[in-house]
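Residue-level structure breakdown
Here's the letter readout for the chains.
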Amino acid sequence: RSDYGHFAGVEAEALRRSGVLGNLFRKLRAGWYHKPRKEVHQSEFPGLNSFTNNLELLIRNATADGVKIILMTEPTILAPGVEDSNDFYMVHFEAVGPHEQWGIDTAIKGMIAYNDAVRVIGSKQNVNLIDLDAEIPKSKASFSDEVHFKDPTFEIAGEVVSRGLERVIAGGLAE
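The text that follows walks through the structure, step by step, so that each part is easy to find.

Reading the values: the criteria
In every chain, residue numbers begin from 1 and rise along the written sequence. Local features in this predicted model are restricted to residues whose pLDDT is 70 or higher, and side-chain atom pairs enter the listing and the counts only when it is 80 or higher, whereas totals over whole chains, interfaces and linings include all residues. Excluded from the side-chain calculations are hydrogens and water; all other atoms, namely the structure's heavy atoms, are used. Only DSSP runs of H or I covering at least 4 residues are called helices, and only runs of E covering at least 2 are called strands; the numbering of each starts at the N terminus. The span expected for a helix works out to 1.5 Å for each residue beyond the first. Per-residue accessibility, obtained with a 1.4 Å probe over protein chains only, is compared with the maximum for each type, and a residue is labelled buried under 20%, exposed over 50%, and partly exposed between these values. Here the arc refers to the directions that run from the helix axis out to each C-beta atom. Contacts were defined at the residue level, with two residues in contact if any of their heavy atoms lie within 4.5 Å. Throughout this description, the term nonpolar core refers to a set of buried Ala, Val, Leu, Ile, Met, Phe, Trp, Tyr and Cys residues connected via side-chain atoms within 4.5 Å. Geometry of aromatic contacts follows a simple scheme: Phe, Tyr and Trp rings, the Trp one being its six-membered ring, pair when their centres are within 6.5 Å, and the pair is stacked under 30 degrees between planes, edge-to-face over 60, tilted otherwise. The working definition used for a salt bridge is a side-chain nitrogen of Lys or Arg within 4 Å of a carboxyl oxygen of Asp or Glu. Like charges are joined within 9 Å and nonpolar side chains (Val, Leu, Ile, Met, Phe, Trp, Tyr) within 5 Å, but only among residues with over 30% relative accessible area and no salt bridge; these make up the patches. Note on areas: Shrake-Rupley, 1.4 Å probe, and residue coverage restricted to the protein chains presented here.

Our next topic: helix H7 (residues 151–170). The end-to-end C-alpha distance of H7, which contains 20 residues, comes to 29 Å, matching closely the 28 Å that a straight helix rising 1.5 Å per residue would cover. Within H7 the residues assigned to the buried category are Thr153, Ala157, Val160, Gly164 and Val168. Mapping the buried residues of H7 onto a view down its axis gives an arc of 85 degrees, with all of them on the same face. Among the exposed residues of H7, those oriented more than 90 degrees off its buried face are Asp151, Pro152, Glu155, Glu166, Ile169 and Ala170. Contact partners of the buried residues in H7: strand E2 (70–72), strand E4 (128–130) and helix H6 (132–135). Backbone geometry just downstream of H7 places glycine 171 in the positive-phi region, at approximately 85 degrees.

Next comes the structure, spelled out in structure tokens:
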């Protein structure tokens with residue numbers, strides 16, 4: 001698709017990961033014949049244009065109404081040097097579709113590209129930015145998959161966001 005809204009959605013994730021239904025779903029899926037998906041590698045992400053345009057439009061409309069904007073980057077374990085893991089759901093199940101999946105290198109490039117876009121937009125639009133991705137340790141102790149936190153990480157994220165909000169309230173970030 002030309003936009004960035006291509007993930008399977010909450011319903012699919014609930015079936016995959018929750019309790020008895022999730023276990024049953026995994027067993028049925030494992031026993032069902034399916035053609036292995038082709039791993040794709042890419043450096044360009046067509047959805048990045050839509051993402052950038054939509055975020056810039058949202059910022060323009062909100063600031064025109066006097067709303068103070070605070071952008072945040074998406075924390076992720078995906079970074080150069082990370083090894084592929086069975087815990088990675090986005091890469092293996094959601095990234096491209098039923099016939100193709102991203103290679104780990106592509107997933108890393110994609111997350112970096114989108115987070116960098118948020119940073120550039122924040123700077124260009126002169127809005128507040130909390131770079132949460134830069135603050136969360138990129139380790140299995142922090143993440144249960146590519147982007148979802150384990151319990152101790154919520155405390156770290158809360159502290160980082162609180163400090164960022166304090167700076168905004170004190171006037172230390174962009175107005």
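This part covers unusual backbone geometry. Of note, the phi angle at asparagine 126 is positive, near 55 degrees, even though the residue is not glycine. Mapped onto the fold, asparagine 126 is located in the loop between helix H5 (104–124) and E4.

What follows deals with the nonpolar core. The biggest cluster of nonpolar side chains holds 32 residues, and the ones touching the most others in it are Phe51, Leu55, Ile59, Leu71 and Leu78. Listing elements by their share of this core, those giving two or more residues are helix H3 (47–64), helix H4 (89–94), H5 and H7. Examining the composition of this core, we find that 8 residues originate from one element, H5, more than from any other. Sequence-distant contacts of leucine 55, that is, excluding residues within four places in its chain, are made with Leu71, Val118 and Ile121.

Quick look at the packing of aromatic side chains now. Using the criterion set out here, one finds 4 aromatic pairs in the structure. The interplanar angle of 70 degrees and the centroid separation of 5.1 Å between the aromatic rings of phenylalanine 51 and tyrosine 114 together place this pair among those described as edge-to-face. Of the two residues, phenylalanine 51 sits in helix H3 while tyrosine 114 sits in helix H5, which places them 63 residues apart along the sequence. On the basis of relative accessible area, phenylalanine 51 is assigned to the buried category, the value being 17%. With 5.3 Å between their ring centres and 75 degrees between their planes, phenylalanine 149 and phenylalanine 154 make a pair best called edge-to-face. We classify phenylalanine 154 as partly exposed; its relative accessible area is 49%. Members of the aromatic cluster, joined through ring pairs, are Phe143, Phe149 and Phe154.

Let us look at the pattern of salt bridges. A side chain with one charge may pair with a side chain of the opposite charge, provided their charged atoms come close. This model, assessed by the stated rule, comprises 6 salt bridges. The partner of aspartate 131 in a salt bridge is arginine 119, with the nearest N and O atoms 2.9 Å apart. Within this pair, whereas aspartate 131 is found in the loop between E4 and H6, its partner arginine 119 is found in helix H5, the two being separated by 12 residues in sequence. The exposure class assigned to aspartate 131 is partly exposed, which follows from its relative accessible area of 22%. On the basis of relative accessible area, arginine 119 is assigned to the partly exposed category, the value being 23%. Residue lysine 138 is joined to aspartate 133 by a salt bridge in which the shortest nitrogen-to-oxygen separation is 2.6 Å. Linked through salt bridges whose partners overlap, the residues forming this network are Asp116, Arg119, Asp131, Asp133 and Lys138.

Another aspect to go through is a nonpolar patch on the surface. Taken together, the side chains of Leu21, Leu24 and Leu28 present a nonpolar region at the surface, about 320 Å² in accessible area. Assignment of secondary structure puts leucine 21 in helix H2 (residues 19–31).

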